Amino acid sequence: MITLPASPSPWLDLAPGASSSNRVVTAVTDTLAVCGRNLRVLSRSPQALVFATVQPVMFVLLFRYAFGGAIHVPGVPYVDYLMPGIFAQAVAFGAMGTAVGLAYDAKSGLMERFRTLAMSRTAVLAGRTLADLVRNIAVVVVMAGVGFAVGFRTHAGAGGLLGALLLVTLFAYALSWGFVALGLVVADPEAAQGAGVPVMFLLVFSSAAFVPLSTMPGWLHVIGAHQPVTALVDAERALLLGRPAAGDVMSSVAWSVGLLAGFAVLATLAYRRTAR
Amino acid sequence: MGEAAIVVDDLAKSYGAVVALEGIGFEVAPGTVTGLLGPNGSGKTTTVAILATALRPDRGVARVCGRDVVRDPAGVRQMIGFAGQFAAVDANLTGKENLVLIGRLSRLGRQKARRHAIELAERFGLTDAADRLVRTYSGGMRRRLDVAAALVHRPPVIFLDEPTTGLDPESRLWLWETIRELVAGGTTALLTTQYLEEADALADEVVIIDHGRVVEVGTPPALKARVGTAVVELTFATGADADAAESHLARSPFAAERAGSILRVRSEHGSAAVIEILRALDGASSAPTGVAIREATLDDVFLALTGTATEASAAAVPGGHARGAA
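Here the structure is a predicted model, which is why all the values come from computation and not from measurement.

So, the domain arrangement of chain B
Next up, step 1: With domains assigned, chain B is organised as domain 1 (6–224) and domain 2 (229–316).
Next up, step 2: For domain 1 of chain B and domain 2 of chain B, the distance between their C-alpha centroids amounts to 36 Å.

Let's talk about the sheet that holds strand β6 (residues 80–83) of chain B
All names here are of chain B.
Next up, step 1: Spatial ordering of the open sheet is given by β6-β7-β8-β3-β9-β10, a layout of six strands whose pairing is mixed. In the strand order of this sheet, the two ends are held by β6 and β10 (213–218), each with one partner. With strand direction ignored, the average angle separating the axes of adjacent strands in the sheet is 15°.
Next up, step 2: As paired elements, strand β9 (residues 205–210) and β10 share five bridges and run antiparallel to each other. Note on β10: the bridge partner recorded for V207 is V217.

Details of the pairing of β6(B)
Taken residue by residue, a regular strand's side chains alternate between the two faces of the sheet.
All names here are of chain B.
Next up, step 1: The two faces of β6 match: I80 and F82 on one face and G81 and A83 on the other face are all buried.
Next up, step 2: In terms of strand pairing, β6 meets strand β7 (residues 157–161) through four bridges, oriented parallel. Pairing of G81 across the sheet is with I158, part of β7.

Digging into the environment of B:D161
Residue and element names in this part refer to chain B.
Next up, step 1: Considering the arrangement of structural elements, one finds D161 in strand β7.
Next up, step 2: D161 sits 113 residues away from V48 along the chain, and the two C-alpha atoms are 7.0 Å apart.
Next up, step 3: Setting aside chain neighbours within four positions, we find D161 in contact with T45, V48, A83, G84, Q85 and T192.

Considerations on the environment of A:V180
Residues and elements named next belong to chain A.
Next up, step 1: As for its placement among the helices and strands, V180 is situated in helix α7 (residues 157–186).
Next up, step 2: Accessibility expressed as a C-beta count within 10 Å gives 28 for V180, which makes it buried.
Next up, step 3: Along the sequence, V180 and S256 sit 76 residues apart, while their C-alpha atoms lie 16 Å from each other.
Next up, step 4: Setting aside residues no more than four positions away along its own chain, V180 makes contact with T98, L102, L125, R128, T129 and A267.

Section: the sheet that holds strand β5 (residues 67–68) of chain B
Residue and element names in this part refer to chain B.
Next up, step 1: Overall, antiparallel pairing links the four strands, which are arranged β2-β1-β4-β5 in an open sheet. Both outer strands of the open sheet, β2 (18–28) and β5, are each paired with one neighbouring strand and no more.
Next up, step 2: Looking at chain direction, strand β4 (residues 59–64) and β5 are connected through two bridges and run antiparallel. Each residue of the ladder has a partner; that of V64, found in β5, is R67.
Next up, step 3: Against the sheet, helix α1 (residues 44–51) makes contact with β1 (6–15), β2 and β4, and its axis sits at roughly 115° relative to β1, the strand it touches most.

Quick notes on the rules
Residues numbered from 1 in each chain as written. Chains lettered and ligands numbered in written order. Predicted model: local features only at pLDDT ≥ 70, side-chain atom pairs only at ≥ 80, totals over all residues. Domains from an automatic or database assignment. Pairing = 2+ DSSP bridges. Helix = DSSP H or I, 4+ residues; strand = E, 2+ residues; numbered from the N terminus. Axes fitted to C-alpha atoms, helices over the stretch in contact; angles between N-to-C directions. Buried ≥ 20, exposed ≤ 12 C-beta atoms within 10 Å, placed from the backbone. Contact = placed C-beta atoms within 7 Å.

See the structure below:
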């Protein structure tokens with residue numbers, strides 16, 4: 001039903017909620033509004049969802065059935081070694097969607113419009129990364145289901161699985177802030193994709209995600225041993241296989257929190273820069 | 001009446017070595033429309049973006065409803081609606097979802113945002129399309145939605161950057177009417193345009209800018225009085241013929257401007273002047289091969305005010321630069 005405002009001059013009925021509104025409440029409601037919009041958009045661009053799930057599923061099948069027979073990891077069925085790597089790879093490659101989506105907003109003028117609204121400044125980025133967090137949770141849950149279907153088992157019960165997936169999600173959240181910064185800097189969807197793919201490819205395939213570092217040449221071993229994806233998959237495996245995990249978990253959490261802090265600063269600077 | 005709704009003073013902005021604004025200033029009275037008229041790259045978009053708090057100026061003052069865009073951007077944002085040069089709407093949301101989102105982010109509650117969205121969709125002729133994804137919209141529908149989004153929280157001041165560029169003639173007339181209605185209801189509007197006709201149709205006052213500077217300020221009738229309402233173009237077979245006609249015309253009340261083998265004569269009396277001009281040419285050693293009458297354009301205003309054509313039209317004239325009489 002349409003009710004016209006009682007004011008004789010309807011276009012001057014104004015200053016909604018102006019000064020009284022609490023900044024924190026504003027930030028939360030705006031973040032949720034932006035997040036809701038991004039999730040809605042995500043659900044309507046099937047290619048983004050396909051990119052987020054079909055590709056990791058193909059990697060599961062590839063490594064489980066095509067390459068897996070040739071890879072021997074002492075003391076662990078390969079599928080149990082593989083799945084922690086798959087979780088990490090799925091969120092790492094999915095994070096590219098953050099940069100692409102944000103670059104699209106920058107290019108279409110939507111970011112500019114957001115800057116002229118009486119909305120919370122932080123909500124633009126926080127809403128985007130929150131939506132990505134929700135997407136990533138869905139992705140790891142789906143991938144866990146796919147893992148179970150191809151023979152993956154946790155050796156430490158539901159607690160171990162939950163802990164591993166939480167670590168993956170934290171890492172994914174940190175990464176999405178990095179891709180926010182990238183998307184804002186390049187401001188072009190294709191360029192964002194082009195810049196993101198090689199970085200993630202190198203990071204994932206130089207890590208212990210699919211094969212033990214000990215099988216790699218010395219120089220690659222050194223790189224692989226000092227990067228966040230290896231820290232993440234080591235911690236996941238320790239949790240899932242029921243081994244002593246505290247050290248690995250600490251290491252992965254430290255990487256993720258450090259990256260999150262650094263990326264959040266970069267993203268904020270990049271966002272401010274767009275207003276100059 | 002107090003302070004003007006929009007006050008701009010000595011505003012300057014550069015992007016690296018490129019100077020976009022070199023200290024422009026103007027005011028807009030409440031409840032009026034001001035047209036910012038200028039060619040591409042003159043600084044129109046930069047001015048509006050600074051006023052809408054999307055950009056920060058390097059120097060100068062800009063206030064909207066008494067609120068400073070640099071010191072109180074949040075205060076300014078509560079008073080303004082902004083539609084940029086490109087339809088900044090989300091193609092993967094429906095029209096209504098776009099309006100509700102902008103409404104909620106403009107501090108309307110969820111209920112109010114929804115109510116305003118439905119009202120605006122109806123007002124902008126988008127009711128049937130309101131639940132369709134914007135990626136299925138035509139360019140004109142997108143633009144209408146974009147302008148509607150600038151109004152969803154009913155701001156007292158609106159900024160529209162080339163609102164009718166790319167619109168079909170019918171949508172353009174419709175948008176003009178909508179802007180007139182808003183202003184009749186008390187809204188203050190600043191719009192940029194490249195078209196004299198548009199400024200003439202809508203604006204109470206026109207600010208002409210070029211190369212980041214204000215060239216002229218005035219009401220549309222005052223500007224047209226300086227330029228004339230019509231331009232008569234006389235085409236000659238050769239430059240020599242045009243020369244002869246030009247010197248012959250110099251003895252008449254009509255001043256001609258040369259552009260190659262074309263003479264342009266501006267007239268305040270519309271097309272009625274054609275007969276007088278041709279009469280004045282009587283007895284000249286050359287006769288025109290073609291006579292055309294057209295309405296005065298932005299280019300003519302620039303020609304009259306600055307002595308140079310706009311870059312866009314200079315490029316469009318075959319055979320090089322159109323030069324005004326010095």
